[in-house]
Amino acid sequence: MESGFCSPRTDAFPAGLRVLVVDDDPTWLKILEKMLRKCSYEVTTCCLARDALNMLRERKDGFDIVISDVNMPDMDGFKLLEHVGLEMDLPVIMMSVDGETSRVMKGVQHGACDYLLKPVLMKQLKNIWQHVLRKKMNEGKDVESYESMREIQMMISRSDEFDDGHQLDGVELGATRKRKDVENGRHDDQDLVDPSTSKKSQSGLVC
């Protein structure tokens, strides 16, 4: 399998994330495009699954993530998900008005990294960069190269600025600040109870 997942631009990440949105509903396509652009993402839209697949094949390194509706006339969204997983290995998010558990499970079993219910919230779209970072981290573990890990650290740093203090499955982006908060809390506790003062009062009681 040839991987179509290329490195997002770490100097701006997650701004500039390249998103391909696939939906046969032109109204929803426009809404999603507008919302994603507000998140500073680069958006390409497509109303047919087969056209989207051809675009992905032609532009192997052109996208970072795919968001696809489940129900489309020319090709089932799950089928598109299968092709993308086998040929490009890109993270794919499925979306639908149908939140039935069996449908969600089918999406996960086919390799979807997330399953969003319409109407999709802005917060959900803003956080899709996490799937790209997670994918890059998994690749970094396989490669175990210094450059790969350095690139991941840059991405984490940039994403920290983009969405301050957000957590991602074991990657605590606000860890440094939290450690400082804990340390400050310890100092505060020490100020409240001064050991030397405590000893003096105890010695006074003994006398």
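Cut-off values and rules
- Residues numbered from 1 in each chain as written.
- Predicted model: local features only at pLDDT ≥ 70, side-chain atom pairs only at ≥ 80, totals over all residues.
- Heavy atoms only, no water.
- Helix = DSSP H or I, 4+ residues; strand = E, 2+ residues; numbered from the N terminus.
- Buried < 20%, exposed > 50% of the residue type's maximum accessible area, 1.4 Å probe, protein only.
- Contact = heavy atoms within 4.5 Å.
- Areas by Shrake-Rupley, 256 points an atom, 1.4 Å probe, with all protein chains shown as cover.
- Core = buried A, V, L, I, M, F, W, Y, C linked by side-chain atoms within 4.5 Å.
- Axes fitted to C-alpha atoms, helices over the stretch in contact; angles between N-to-C directions.
- Parallel < 35°, antiparallel > 145°, perpendicular 65-115°, else oblique.
- Nonpolar A, V, L, I, M, F, W, Y, C, P; charged D, E, K, R; others polar.
- pLDDT = per-residue confidence, 0-100.
- Salt bridge = Lys/Arg side-chain N within 4 Å of Asp/Glu carboxyl O.

A look at the overall build of the protein chain
Check the secondary structure of the protein chain and you find nine helices and seven strands. Across the 207 residues in the protein chain, those meeting the buried criterion constitute 42%. Taking the contacts inside the protein chain whose residues are at least 6 apart along the sequence as the reference set, 69% of them involve residues at least 24 apart. Per element, the accessible surface of the protein chain, about 11700 Å² overall, is 51% carbon and sulfur.

A look at the nonpolar core
Nonpolar side chains in soluble globular proteins generally cluster together in the buried interior. Core analysis: the largest hydrophobic core is formed by 24 residues, its most contacted members being Leu17, Val19, Leu36, Tyr41 and Ile128. Broken down by secondary-structure element, the contributors of at least two residues to this core are strand E1 (18-22), helix H1 (26-38), strand E3 (65-69), strand E4 (92-96) and helix H6 (129-143). Tallying contributions element by element places H1 first for this core, with five residues. Beyond its immediate sequence surroundings of up to four residues, Ile128 is in contact with Leu17, Val19, Leu36, Tyr41, Ile65, Ile67 and Ile93.

Some points on the packing of helix H2 (residues 49-58) against helix H3 (residues 77-87)
To characterise two packed helices, one gives the angle between the axes of the helices and the distance between these axes. Running from N to C, H2 and H3 cross one another at 10°; their axes reach a closest spacing of 10 Å. Between H2 and H3, the angle falls in the class roughly parallel. From H2, Ala49, Leu53, Leu56 and Arg57 reach across to H3, where they touch Leu80, His83, Val84 and Glu87. Split by residue class, the contact of H2 with H3 holds five nonpolar, one polar and two charged.

Some thoughts on the confidence of the model for the protein chain
Of all residues in the protein chain, 62% attain a pLDDT of 70 or more, and the chain-wide mean is 77. This model gives residues 165-183 a pLDDT under 50, and the stretch forms 23 contacts once residues within four places in sequence are excluded.

Description of the environment of Pro14
Here Pro14 lies in the segment before E1. Here Pro14 falls in the buried class, since its relative accessible area comes to 1%. Separated by 27 residues in sequence, Pro14 and Tyr41 have C-alpha atoms that sit 7.7 Å apart.

Re the pattern of salt bridges
Under the defined criterion, the tally for this structure stands at seven salt bridges. Note that Asp69 is salt-bridged to Lys118, the shortest N-O span being 3.2 Å. One end of the pair, Asp69, is in strand E3; the other, Lys118, is in the loop between strand E5 (114-117) and helix H5 (122-126), and 49 residues separate them in sequence. The exposure class assigned to Lys118 is buried, which follows from its relative accessible area of 14%. A salt bridge links Asp89 to Lys135; the nearest nitrogen and oxygen atoms lie 2.7 Å apart. Of this pair, Asp89 sits in the loop between H3 and E4 while Lys135 sits in helix H6, and the two are 46 residues apart along the sequence. Among the ionic contacts, a cluster of salt bridges with common partners joins Asp23, Asp69 and Lys118.

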